[in-house]
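# Descriptive analysis of the structure
Listed here are the chains, written in short residue letters.
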Amino acid sequence: MPHRRVIRTLPLLLLLARFSWADIGASVENFKPSIGPGSYFSVLSSRGLGQWQFHGGVGINYAHQPLLRGVTNVPMVDNLWMTDIGVAAGLTDWLEFGVALPVVLFNDATSLTRLTADSNNVTRTTSRGLGDLRIQMKFRLVDLKDYDVGFAIVPILSIPTGNEDQFAADGTFSGGGLLVLDGEFLDRAEMSFNLGLMARSGFIFPGTVTERDDYIPIGVGLKIKTVDWIDLIGELNSSFLLKRPYDRESESPLEGGGGIRFRIPPLPGLALSAGVTAGVINSYGSPFYRIIGGVAYTQGQTRKKKVAQKKEPKVEATPPPPPPPPAESSLVEIGEKEIEIKKKIHFEHGKESIREVSQDILDAIIETLKNHPEILKVEIGGHTDNKGDETYNLKLSGKRAEAVKRFLVDHGVQAGRLTAKGYGESEPRDTNDTEEGRARNRRVEFKILERQPLTGTSPSSAPSKPAVP
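About the cut-offs
Residues numbered from 1 in each chain as written. Predicted model: local features only at pLDDT ≥ 70, side-chain atom pairs only at ≥ 80, totals over all residues. Heavy atoms only, no water. Pairing = 2+ DSSP bridges. Helix = DSSP H or I, 4+ residues; strand = E, 2+ residues; numbered from the N terminus. Axes fitted to C-alpha atoms, helices over the stretch in contact; angles between N-to-C directions. Salt bridge = Lys/Arg side-chain N within 4 Å of Asp/Glu carboxyl O. Buried < 20%, exposed > 50% of the residue type's maximum accessible area, 1.4 Å probe, protein only. Expected span 1.5 Å × (residues − 1). Contact = heavy atoms within 4.5 Å. Phe/Tyr/Trp six-rings, centres within 6.5 Å; stacked < 30°, edge-to-face > 60°. Lys NZ or Arg CZ within 6 Å of the ring centre and 35° of its normal. pLDDT = per-residue confidence, 0-100. Polar contact = N/O pair within 3.5 Å; in protein donor to acceptor, adjacent residues only side chain to side chain.

### Here we look at the sheet that holds strand S19 (residues 418-424)
What the 5 strands build is an open sheet, ordered S16-S17-S20-S18-S19; its pairing is mixed. Pairing within the sheet leaves two strands with one partner each, and these edge strands are strand S16 (332-334) and S19. Here the average twist between neighbouring strands, direction ignored, is 25°. Pairing of S16 with strand S17 (residues 338-341) involves 3 bridges; the strand directions are antiparallel. The residue bridging valine 332 from the neighbouring strand is isoleucine 341, located in S17.

### As for the pattern of salt bridges
Per the stated rule, a full pass over the model turns up 21 salt bridges. Close ionic contact of aspartate 78 with arginine 124 constitutes a salt bridge, the shortest N to O distance being 3.8 Å. With aspartate 78 in strand S2 (residues 74-90) and arginine 124 in strand S4 (residues 124-130), the pair connects residues that are 46 residues apart, well separated along the chain. When its relative accessible area of 32% is taken as the criterion, arginine 124 is described as partly exposed.

### Section: the environment of valine 227
Inspection of the secondary structure puts valine 227 in strand S11 (residues 215-227). In this structure the C-alpha to C-alpha distance between valine 227 and phenylalanine 262, which are 35 residues apart in sequence, comes to 9.5 Å.

### Considerations on helix H2 (residues 359-371)
End to end, H2 covers 18 Å across 13 residues, agreeing with the expected 18 Å (1.5 Å per residue, within 8%). Turning to H2, its buried residues number three or more, namely Gln359, Ile361, Leu362, Asp363, Ala364, Ile365, Ile366, Thr368 and Leu369. Where the residues of H2 are buried, they touch S16, S17, strand S18 (375-383), helix H3 (390-410), S19 and strand S20 (443-451).

### Concerning the packing of aromatic side chains
According to the stated counting rule, one finds 4 aromatic pairs in the structure shown. Through a chain of ring-to-ring contacts, the aromatic side chains of Tyr62, Trp81, Phe288 and Tyr289 assemble into a single cluster. Note that lysine 223 overlies the ring of tyrosine 40, its terminal NZ or CZ placed 5.1 Å from the centroid.

### Topic: unusual backbone geometry
Here the phi dihedral of tryptophan 52 falls at roughly 65°; this positive angle occurs in a residue that is not glycine. At phenylalanine 167, a residue that is not glycine, the phi angle is positive and equals roughly 60°. With respect to the secondary-structure elements, phenylalanine 167 resides in the loop between strand S6 (149-159) and strand S7 (174-185).

### Overview of the confidence of the model for the protein chain
Scored by pLDDT, the protein chain has a mean of 83; 82% of the residues are at 70 or more. Contacts for the low-pLDDT stretch residues 456-469, under 50 throughout, to residues beyond four places or in other chains number 5 contacts.

### Section: the side chain of asparagine 432
Note on placement: asparagine 432 falls in the loop between S19 and helix H4 (435-441). Of the polar contacts made by the side chain of asparagine 432, one reaches the side chain of asparagine 441; its length is 2.9 Å. Not counting the four nearest positions on each side in its chain, asparagine 432 is found in contact with Asp385, Asn386, Arg438 and Asn441.

### A short note on the side chain of serine 42
With respect to the helices and strands, the residue serine 42 is situated in the loop between helix H1 (2-16) and strand S1 (54-69). You can call serine 42 buried: its relative accessible area is 14%. Within polar-contact distance, the side chain of serine 42 engages the side chain of glutamate 235 at 2.6 Å. Among the polar contacts listed, one links the side chain of serine 42 to the side chain of asparagine 237, at a separation of 3.1 Å. Ignoring sequence-local partners within four residues, the contact set of serine 42 consists of Phe31, Lys32, Pro33, Ser34, Glu235 and Asn237.

### So, the pairing of S2
Here S2 lies mainly inside the structure; 13 of its 17 residues are buried. Sheet topology note: the S1/S2 ladder contains 14 bridges and is antiparallel. The partner of arginine 69 across the bridge, within S2, is valine 74. Linking two consecutive strands that pair antiparallel, namely S2 and strand S3 (residues 95-110), is a turn of 4 residues.

Laid out in structure tokens, this is it:
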């Protein structure tokens, strides 16, 4: 069971965090970009990859004055440019593994080993190098695709691969994990809440008495889908020391902001992100402002067609009379009121994820819609059998219809031509008393809602006038 594996993993990470092979410091880089799809900028979502799906991304962020010292607020770190390279893979439908490597592009900071008691006597030098390698797993216990809420446990291990002398790394192992709880509401909005515990070796900043060791990270994210390919993202992150929570404001960073993420329909799986955050209070690692950017690709999220449209149908000089001829593919036939598909669209059990075996029928539908622009509006209807809860079936059928619509739009069909609707178990095509009948009832239909007659039709195809007596 995945629950038992999580319980065994977390104590090991907390124990490993007590050991270090380098001098101890404390990184000011509180911003740790999320690894994997479906998340926010740094707040995690319970959404994840399917089995053998791959995700890769590169993020960059600039933090201005993330560390000040003394009553005069002298910058210890003035300018910090970081990039994070992250990859993740789905090992099962509920387990995801990810790795992120931060790289310091430019760091204008004071050397930790050369700090003096005089807070105004500061000499900064520039440096580049690695940050601390981060490894994480995501155990999905409740899938947001199946319910209105999702829940995941994310063990995390940070390995000291960076230079802690200029506040860009901890110089010590840290380990622990996050609890991730999120939900959907108003059809186009999601919210996620992160709460965790991270253990690390203690560090006392020169000239202070508070020990920075074990801490509790907290994060809240909000995501609103404006259109199918644009998300607005907002998030707020904080943390406090476990031993002396909120004992000093300077030890409890608080940072918030927002931005945008958009996908490129002609390039399925590709997403670009940009945003701005700022430190709400003057505390360790909270910058005056932070600029965020990134690009990511998720393989298999919406698979790109293998064959480009090389064989476009030839347009004859005299178009054939309506009704239009059947689509070139034997898998699709255009009727008067519907586009009939000769092969089912298959989904993962209990989910809206389209199985790869349905690639050929989806390609045929895309080709048909592109070749027949006179079909102006099509309703994609999702249907289920009567097994399970009726409300759940209605919601699942709607999600599956939306998934098909999203796939068609991502592969070049105009979104304005498509609508999606879930019917649940309300319109069975066959009996639900046999497995064969239930299989026929689990289906996706394509109703033609609006069609424009072809021009240039022959007289014989035009509507006949009533005979004159």
